[in-house]
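Listed below, chain by chain, are the residues.
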Amino acid sequence: MSGQHYASTRDEIEHLVQHYRIPAPRFHEVGKMQWSSILSTITQTFIMSSHAGSESALMRGYNHLQEPYVSYQVGAEGYQEIAKLIDRTEQVWFLAPERFYSGKQYWVYEAYVDAIQWIIEQTGMTEYYIVSKKLQWLLCETHHEIIIGTGEPISGRIQKRKKELADV
């Protein structure tokens with residue numbers, strides 16, 4: 001939200017959720033007792049083992065994703081691609097980086113695609129992760145405007161989307 005300053009990414013997201021009355025099933029922060037184990041499980045599942053144990057495993061973690069993974073260039077509003085890749089009825093984990101701590105801190109939310117896209121648009125977030133709650137796949141967008149995915153069905157959907165874009 002332009003013109004406003006928040007103490008943290010988490011504060012900004014919380015303000016948006018409260019001010020616009022986004023219902024908890026659509027978008028909510030996971031509990032303090034779940035947060036650490038979710039992040040740990042995600043890094044152990046999707047980040048190469050040589051990097052998975054570090055405090056900042058997700059910081060630029062897209063450089064250390066376990067293979068195979070696929071990617072494509074998206075442009076300045078890459079968050080709009082999310083709905084083309086993720087089922088809108090699936091609740092997922094959304095990992096939002098804390099921009100004031102060099103990306104080492106991630107806030108974890110349970111959410112649906114429509115709410116995630118809106119939050120990203122409102123905050124101007126340029127990096128984030130979205131992860132299947134069943135740990136089947138991970139999708140991220142980098143500050144280089146690249147969507148990267150690993151695991152099925154997200155890898156197949158990205159391959160299909162790349163083909164669609166190439167055929168245009």
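Rules behind the numbers
- Residues numbered from 1 in each chain as written.
- Predicted model: local features only at pLDDT ≥ 70, side-chain atom pairs only at ≥ 80, totals over all residues.
- Heavy atoms only, no water.
- Pairing = 2+ DSSP bridges.
- Helix = DSSP H or I, 4+ residues; strand = E, 2+ residues; numbered from the N terminus.
- Axes fitted to C-alpha atoms, helices over the stretch in contact; angles between N-to-C directions.
- Contact = heavy atoms within 4.5 Å.
- Core = buried A, V, L, I, M, F, W, Y, C linked by side-chain atoms within 4.5 Å.
- Buried < 20%, exposed > 50% of the residue type's maximum accessible area, 1.4 Å probe, protein only.
- Phe/Tyr/Trp six-rings, centres within 6.5 Å; stacked < 30°, edge-to-face > 60°.

(A) Broad picture of the sheet that holds strand E2 (residues 69-73). Pairing within the open sheet is antiparallel, and its seven strands lie in the order E1-E4-E3-E5-E6-E7-E2. The sheet is open, and its two borders are formed by strand E1 (27-29) and E2, each paired with just one other strand. Direction aside, the axes of adjacent strands within the sheet are offset by 20 degrees on average. Where E1 and strand E4 (residues 106-111) come together, three bridges link them in antiparallel fashion. Residue pairing across strands places His 28 opposite Glu 110, the latter belonging to E4. Along the sheet face, helix H1 (residues 9-19) touches E1, strand E3 (92-97) and E4 and points at about 25 degrees away from the line of E4.

(B) Inspection of the nonpolar core at higher detail. Counting 31 residues, the largest nonpolar core has Phe 27, Ile 82, Ile 86, Phe 94, Ile 116, Tyr 128 and Ile 130 as its most contacted members. With five residues, helix H5 (residues 113-123) is the largest single contributor of residues to this core. The contacts of Ile 116, once residues within four sequence positions are left out, are Phe 27, Ile 82, Val 92, Phe 94, Ala 111 and Ile 130. Listed in part, the 18 residues of the second largest apolar core include Ile 42, Ile 47, Leu 58 and Leu 65.

(C) Region of interest: the packing of aromatic side chains. Considering all chains together, one arrives at six aromatic pairs under this definition. Between the aromatic rings of Phe 94 and Tyr 109, the centroid separation amounts to 6.4 Å while the plane-to-plane angle is 40 degrees, which identifies the pairing as tilted. Of this pair, Phe 94 sits in strand E3 while Tyr 109 is found in strand E4, placing the two residues 15 residues apart along the sequence. In this structure, Phe 94 and Tyr 109 share a single accessibility class: buried. One aromatic cluster in this structure is built from Phe 27, Phe 94, Tyr 109 and Tyr 128.

What is shown is where atoms sit, not what they do.
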